[in-house]
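# Examining the three-dimensional arrangement
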Amino acid sequence: ESTLGAAAAQHGRYFGVAIAANRLNDSTYASIAAREFNMVTAENEMKIDATEPNRGQFNFTNADRIYNWAVQNGKQVRGHTLAWYSQQPGWMQSLSGSALRQAMIDHINGVMAHYKGKIAQWDVVNEAFADGNSGGRRDSNLERTGSDWIEVAFRTARNADPNAKLCYNDYNIENWNWAKTQGVYRMVKDFKQRGVPIDCVGFQSHFNSGSPYDSNFRTTLSEFAALGVDVAITELDIQGASPNTYAAVVNDCLAVSRCLGITVWGVRDSDSWRSEQTPLLFNNDGSKKQAYTAVLNAL
Ligand code: XIL
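Residues numbered from 1 in each chain as written. Predicted model: local features only at pLDDT ≥ 70, side-chain atom pairs only at ≥ 80, totals over all residues. Heavy atoms only, no water.

This brings us to the packing of aromatic side chains. For the coordinates displayed, the defined rule picks out 15 aromatic pairs. Ring geometry for Phe60 against Tyr115: centres 5.7 Å apart, planes inclined by 85 degrees, an arrangement best described as edge-to-face. Taken together, the residues Phe60 in the loop between α3 (48-51) and α4 (61-72) and Tyr115 in the loop between α6 (97-114) and β4 (121-126) connect sequence positions 55 residues apart. For the residue pair Phe60 and Tyr115, the accessibility class agrees, reading buried in each case. One aromatic cluster in this structure is built from Trp176, Tyr185, Phe203, Phe207, Tyr213, Phe217 and Phe224. Its guanidinium or amino end placed over the ring of Tyr171, Lys180 lies 3.5 Å from that ring's centre, counting from NZ or CZ. (Phe/Tyr/Trp six-rings, centres within 6.5 Å; stacked < 30°, edge-to-face > 60°. Helix = DSSP H or I, 4+ residues; strand = E, 2+ residues; numbered from the N terminus. Buried < 20%, exposed > 50% of the residue type's maximum accessible area, 1.4 Å probe, protein only. Lys NZ or Arg CZ within 6 Å of the ring centre and 35° of its normal.)

Written out as structure tokens, the structure is:
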């Protein structure tokens, strides 16, 4: 196959990309994105501050720009993200307690109603666990509403759109030996045992010198899959874009039957949130990097 999406599809997987609405007018960007990928994530446009800038007033202008572009180009969409400590609008940052809990529920219902039946996977909860060695939850205004906020978010999401796969998404949970990985693993195990509706775990996979790729990533994916959830690589970028590391990540996903697919967090290095790390598959002029060829060959 000659594109990432078509090559992944031969394995029953997808190959996705994060899209920024304001770059879709860039013809180099749009033509690469349209050609190579078959899954789309909005890089920022479906986040809480973008979709509910004022309480109860939803704005889907930029989110729909990406959604409509994706559908017109034959791609599926991952929704990102409904409940998160970051990129909250000011009104939400200033809430607490039962008012914040209700605002979270209303936000999930409002966004999921707009896209009901249209989203393959939703990142219902993003980045709820702490970095470091605790293996526990991250402190946040949402956590302070009570630690059941995550399961409430998932139950709300299931009712709002029963057809979407519901994911928990986080970073630094790729290494099986890390406490954060084990903390999320215990939560997912508990949710499955108690019937909390969770379908998938997203591994952001922002690999860099501080949190490098480790070959035990495959163990992590397998262990989570064995709990009865799908797994996905949701925001892949690799500092320096080592072709071997990119190929290893592809091989890890292909080795785990419940790995749904891979999403890279941008098109060209210049589109990356960490452009100084040159972590992506395309050069700034739109040409393919060695990492691109390594990924295509691994698929
Ligand atoms: C990042 C975007 O790429 C940036 O444009 C934005 O300024 C901040 O957020 N984890 C996530 C993503 O779940 O939403 C983040 O995206 C990167 C880390």
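There's more to say after this.
Moving on, we come to the pairing of strand β8 (residues 230-238). Burial analysis of β8 places 9 of its 9 residues in the buried class, the great majority of the element. Where strand β6 (residues 200-203) meets β8, 4 bridges bridge the pair, whose relative direction is parallel. From the neighbouring strand, Phe203 faces β8, where its bridge partner is Ile233. Chirality of the crossover, the property in question, places the unit of strand β7 (residues 206-207), helix α9 (residues 217-225) and β8 among those that are right-handed. As defined by bridge partners, β8 adjoins strand β9 (residues 259-264) across 3 bridges and the pair is classed as parallel. Within β9, the residue paired with Leu236 across the bridge is Val264. Handedness of the crossover joining β8 and β9 through helix α10 (residues 243-255) is recorded here as right-handed. (Pairing = 2+ DSSP bridges. Right-handed = clockwise from strand over helix to strand, strands pointing away.)

A few words on the site of the ligand. In the region of the ligand, 13 residues are neighbours, and Glu43, Lys47, His80, Glu235 and Trp265 sit closest. Asn44 is positioned such that a nitrogen or oxygen atom in its side chain is 2.9 Å from an oxygen atom of the ligand. Burial of the ligand by the surrounding chains reaches 77%, relative to a free accessible area of 420 Å². Of the residues assigned to the shell around the ligand, the class counts are 3 nonpolar, 6 polar and 4 charged. (Near = heavy atom within 4 Å. Polar contact = N/O pair within 3.5 Å; in protein donor to acceptor, adjacent residues only side chain to side chain. Areas by Shrake-Rupley, 256 points an atom, 1.4 Å probe, with all protein chains shown as cover. Nonpolar A, V, L, I, M, F, W, Y, C, P; charged D, E, K, R; others polar.)

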